[in-house]
Amino acid sequence: MSTKLPYASEMRALDRCAIEEYGIPGIVLMENAGLTTVLMMERVLGPAADSFALILIGPGNNGGDGLVIGRHLHQRGCEPVFIFLLAPETLQGDAARNLQIVKKLALSLYVLDSEESVQTLPALYRQLISSGRPCYAIIDALFGTGLTREINGHVALLIELINAKTCGANVPRIAVDIPSGLQADTGRIQGACIRADHTATYGCAKPGQLLHNGPELCGRLHLLDIGIPHAAVADLSIQQEALTDQGTASLLARISRTKTSHKGSNGHLLVLAGSIGKTGAATLCVKGALRSGCGLVSLCCPQDLNTIFETQLIEAMTIPLSASRSMLSMEDLATIEQQLQGKRVIVIGPGLGMAEQTARLVLHLYRTAEIPMVVDADGLNILAQYKTGLKAPPGPRIFTPHPGEMARILGISVAEVQENRIQAARSACLLLDQSAGQCTVILKGAGTIVVSEDGKAWVNTSGNPGMATGGMGDVLSGIIGALICQGLCPQEAARAAVYLHGRAGDILLKTIGTGYNATELADAMPLTIKQGRCCR
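Now for a quick tour of the structure.

How each quantity is defined
Residues numbered from 1 in each chain as written. Predicted model: local features only at pLDDT ≥ 70, side-chain atom pairs only at ≥ 80, totals over all residues. Heavy atoms only, no water. Helix = DSSP H or I, 4+ residues; strand = E, 2+ residues; numbered from the N terminus. Rg over C-alpha atoms; globule rule 2.2 N^0.38 Å. Buried < 20%, exposed > 50% of the residue type's maximum accessible area, 1.4 Å probe, protein only. Contact = heavy atoms within 4.5 Å. Areas by Shrake-Rupley, 256 points an atom, 1.4 Å probe, with all protein chains shown as cover. Lys, Arg positive; Asp, Glu negative; His and termini not counted. Charge placed at Lys NZ, Arg CZ, Asp CG, Glu CD. Polar contact = N/O pair within 3.5 Å; in protein donor to acceptor, adjacent residues only side chain to side chain. Salt bridge = Lys/Arg side-chain N within 4 Å of Asp/Glu carboxyl O. Pairing = 2+ DSSP bridges. Axes fitted to C-alpha atoms, helices over the stretch in contact; angles between N-to-C directions. Phe/Tyr/Trp six-rings, centres within 6.5 Å; stacked < 30°, edge-to-face > 60°. Lys NZ or Arg CZ within 6 Å of the ring centre and 35° of its normal. Core = buried A, V, L, I, M, F, W, Y, C linked by side-chain atoms within 4.5 Å. Expected span 1.5 Å × (residues − 1). Arc of directions from axis to C-beta. Parallel < 35°, antiparallel > 145°, perpendicular 65-115°, else oblique. Left-handed = near helix turned anticlockwise from the far one by under 90°. Nonpolar A, V, L, I, M, F, W, Y, C, P; charged D, E, K, R; others polar. Right-handed = clockwise from strand over helix to strand, strands pointing away.

**Concerning the overall build of the protein chain**
1) Next: If you tally the helices and strands in the protein chain, you get 23 helices and 17 strands.
2) Next: Compactness check: the protein chain gives a C-alpha radius of gyration of 27 Å against a globular reference of 24 Å for 536 residues, within 12% of the reference.
3) Next: Based on the C-alpha atoms only, the size of the protein chain along its principal axes is roughly 85 × 50 × 45 Å.
4) Next: Buried positions account for 58% of the 536 residues belonging to the protein chain.
5) Next: The contacts of the protein chain with a sequence gap of at least 6 include a subset with a gap of at least 24, amounting to 74%.
6) Next: Summed over all atoms, the accessible surface of the protein chain reaches about 21100 Å², with 51% contributed by carbon and sulfur.
7) Next: Where the 44 positive side-chain charges of the protein chain centre and where its 46 negative ones centre are 5 Å apart.

Spelled out as structure tokens, the structure:
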């Protein structure tokens, strides 16, 4: 199945292409959608016989899919009970044709088109349960990816009743293509939204299912093939894609160690990080790089903090800067430029602080260093503070902002960043790249986004809420640097690092549970990379 993540408009284009260019009738696609959904339900819920199912029917093809689902459940001995939120006669096209089949089968149909009638749903459910048969599932076929308005009125009330589980507290909720009310492009809730246990999505996953509220509201996501030709997906040039284990394994396959490899073969990373009170950030960055296979790591650090780093980082080399007593300073530029010789990558920013002398140093290196540079934390805050004077960088740059740092870079609120994370990352990439064609932006958070200078976006599918703790981003910066040192290009390194970083968190959640820390995540990287190579 494709890892592409089409926007709603692109999904409509795929449907049109399948129908008009490949000659696949729309009613065939609808039939495939309904049947594959029922087959999925049987796999995860078991047989449907001797039960009933509530099927919520809305306008459009999503409602038509629900009618097909009901018909196939009927064939399996499950009584479908259709709940229409509008007059059934308003259905058109393929949905209307399926309604006629349902009527000829004399299947149960109720119309709840007002707040008063919606209030009767719990009583109807109790009446159905009293027959002695269990409820197999509540199926949401109200709205699909084409919803453009906010949900309100009697539909919002119905969704509230379903989410409150006034009808079947333990009955699984199944969303058809996407939970009704979830914005397919961004993951934003459009007024109200069904909270599903399982979502059957067709042809391709949608960005909103992986972003913002999407993962929580979709439950377990099932990607189903309904017959849209793979060639149609490939020809559309969809610019969004999911980061997956298979794709990451393909990237890791480009990193190899021969029997004659030595530490110099695997790259030398220079880290500029740390200040008083923030030595942990620098330490975690270096550990992330070392545990991800970097051959050598050198840390330029304030002289007064060198003893701390010498004690914490026995496998790394430190370069204490004599003029920088407690924070990095422009006065040590000559020493730092000397240290740049022979290095493949710079990581700059973790725990740096925002002092004026530090800012001058960061800006100078950003404007002059020709080797790849990973900019994180205070490095990003400094760039945001001086963004009006930024010009195209002379070498590749990878930026790793969290939503707060992204908001400062773009001059908007965190809420606006989160409203459309892909667009925010693309806007930042354009702003920072300055047409140089060398920048990659990583917008961290649930559903981390990686955007390249040409506008392509990747949405991460690994990671979990246990990673919401200090230092995780510092480890990520080190991982990115290490992968570039070992031969991946900056954009490839960003994609692989983001996925592996989240995958390490998933391994830790499974083995020890919530409460693992950034040091433990760095230490999990060798196993994560080993397992990641085996997923092709």
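Now that the structure has been shown, the text picks up again.
**Digging into the side chain of Q491**
1) Next: Looking at where Q491 falls in the secondary structure, it is placed in helix α21 (residues 490-511).
2) Next: Q491 sits in the buried class, given a relative accessible area of 19%.
3) Next: A polar side-chain atom of Q491 sits 2.7 Å from a polar atom in the side chain of R495.
4) Next: Residue contacts for Q491: discarding those within four places in its chain leaves T440, S452 and W458.

**As for the pattern of salt bridges**
When charged atoms on two side chains of opposite charge get close, those side chains can pair.
1) Next: This structure, assessed with the given rule, holds 14 salt bridges.
2) Next: Among the ionic pairs, R188 bridges to E419, the shortest N-O distance being 3.2 Å. Taken together, the residues R188 in the loop between β5 (173-176) and β6 (198-202) and E419 in helix α18 (residues 414-419) connect sequence positions 231 residues apart.

**Here we look at the environment of T469**
1) Next: Inspection of the secondary structure assignment puts T469 in the loop between β17 (457-460) and α20 (472-485).
2) Next: C-alpha separation for the pair T469 and N517, spaced 48 residues apart in sequence, amounts to 6.9 Å.

**Observations concerning the sheet that holds strand β13 (residues 373-375)**
1) Next: The 10 strands lie next to each other as β8-β17-β16-β15-β14-β13-β12-β9-β10-β11, forming an open sheet whose pairing is mixed. Only two strands of the sheet have a single partner each, and these edge strands are β8 (240-243) and β11 (317-321). Adjacent strand axes in the sheet meet at a mean angle of 20 degrees, parallel and antiparallel pairs treated alike.
2) Next: Where strand β16 (residues 449-452) lies against β17, three bridges are found, and the strand directions are antiparallel. Within the sheet, the bridge partner assigned to I449 lies in β17 and is V459.
3) Next: Docked against the sheet, helix α12 (residues 279-290) engages β9 (268-272), β10 (296-302) and β12 (345-348), running at close to 170 degrees with respect to β10.

**A short note on the packing of aromatic side chains**
1) Next: In the structure shown here, the tally under the stated rule is two aromatic pairs.
2) Next: Between Y366 and F399 the ring centres are 6.1 Å apart and the planes differ by 50 degrees, which places this aromatic pair in the tilted class. A residue pair is termed long-range when its members are at least 10 positions apart, and Y366 in helix α15 (residues 356-368) and F399 in strand β14 (residues 397-399) qualify at 33 residues. Pair check on accessibility: Y366 and F399 agree, each one buried.
3) Next: R397 extends its terminal NZ or CZ atom over the ring of Y366, reaching a point 5.3 Å from the ring centre.

**A closer look at the sheet that holds β5**
To summarise the sheet geometry, strands pair through backbone hydrogen bonds and adopt either a parallel or an antiparallel arrangement.
1) Next: Taking strand neighbours across the sheet as the criterion, the seven strands line up as β3-β2-β1-β4-β5-β6-β7 in an open arrangement whose pairing is parallel. Two strands in the sheet have a free side with no partner beyond their single neighbour: β3 (108-111) and β7 (220-224). This sheet shows a mean twist of 20 degrees between the axes of neighbouring strands, independent of strand direction.
2) Next: On the sheet, helix α6 (residues 121-129) packs against β1 (51-57), β2 (78-84), β3 and β4 (135-141) and is oriented at approximately 160 degrees with respect to β1.

**Let's talk about the nonpolar core**
1) Next: In terms of nonpolar packing, the biggest core is built from 54 residues, with L269, V271, L299, I480, L483 and L521 touching the most fellow members.
2) Next: Setting aside chain neighbours within four positions, we find I480 in contact with V374, I398, T400, I442, A493 and A497.

**Some thoughts on the environment of L124**
1) Next: Assignment of secondary structure puts L124 in helix α6.
2) Next: Owing to a relative accessible area of 10%, L124 belongs among the buried residues under this scheme.
3) Next: Spatially, the C-alpha atom of L124 lies 9.1 Å from that of C167, the residues being 43 residues apart in sequence.
4) Next: Excluding residues within four positions of it along the chain, L124 makes contact with I83 and Y110.

**Comments concerning helix α4 (residues 93-104)**
1) Next: Taking 1.5 Å of rise per residue, 12 residues should cover 16 Å, and α4 covers 17 Å from first to last C-alpha, within 8% of that figure.
2) Next: For α4, the complete set of buried residues consists of A95, A96, N98, L99 and V102. Each buried residue of α4 lies within a common arc of 160 degrees when the element is viewed along its axis, so the set occupies one face. Turned more than 90 degrees away from the buried face of α4 sit R97 and K104, all of them exposed.

**Considering the packing of helix α2 (residues 26-45) against α4**
1) Next: For the pair α2 and α4, the least separation of the axes is 9 Å and the interaxial angle reads 60 degrees. Regarding the angle of α2 to α4, the classification is oblique. For α2 against α4, the interelement crossing comes out right-handed. Along its contact with α2, which presents G26, I27, M30 and E31, the element α4 presents D94, A95, R97 and N98.
2) Next: Grouping the amino acids of the contact of α2 with α4 by side-chain chemistry returns three nonpolar, two polar and three charged.

**So, α12**
1) Next: When the terminal C-alpha atoms of α12 are compared, their 17 Å separation across 12 residues agrees well with the 16 Å that a helix rising 1.5 Å per residue should span.
2) Next: The buried count for α12 comes to nine of 12 residues, which makes it a mostly enclosed element.
3) Next: On the buried face of α12, the contacting elements are β9, β10, α13 (306-312), β12, α20 and α22 (518-523).

**Overview of the pairing of β12**
1) Next: Of the two faces of β12, both are covered, the one formed by V345 and V347 as well as the one formed by I346 and I348.
2) Next: Where β9 meets β12, four bridges bridge the pair, whose relative direction is parallel. Paired with L270 across the strands is I346, a residue of β12.
3) Next: In terms of handedness, the path from β12 via α15 over to β13 forms a crossover that is right-handed.

**Things to note about the environment of A249**
1) Next: Along the chain, the position of A249 falls in helix α11 (residues 245-252).
2) Next: Judged by relative accessible area, which is 1%, A249 ranks as buried.
3) Next: Linking A249 and E315, residues 66 residues apart in sequence, is a C-alpha distance of 27 Å.

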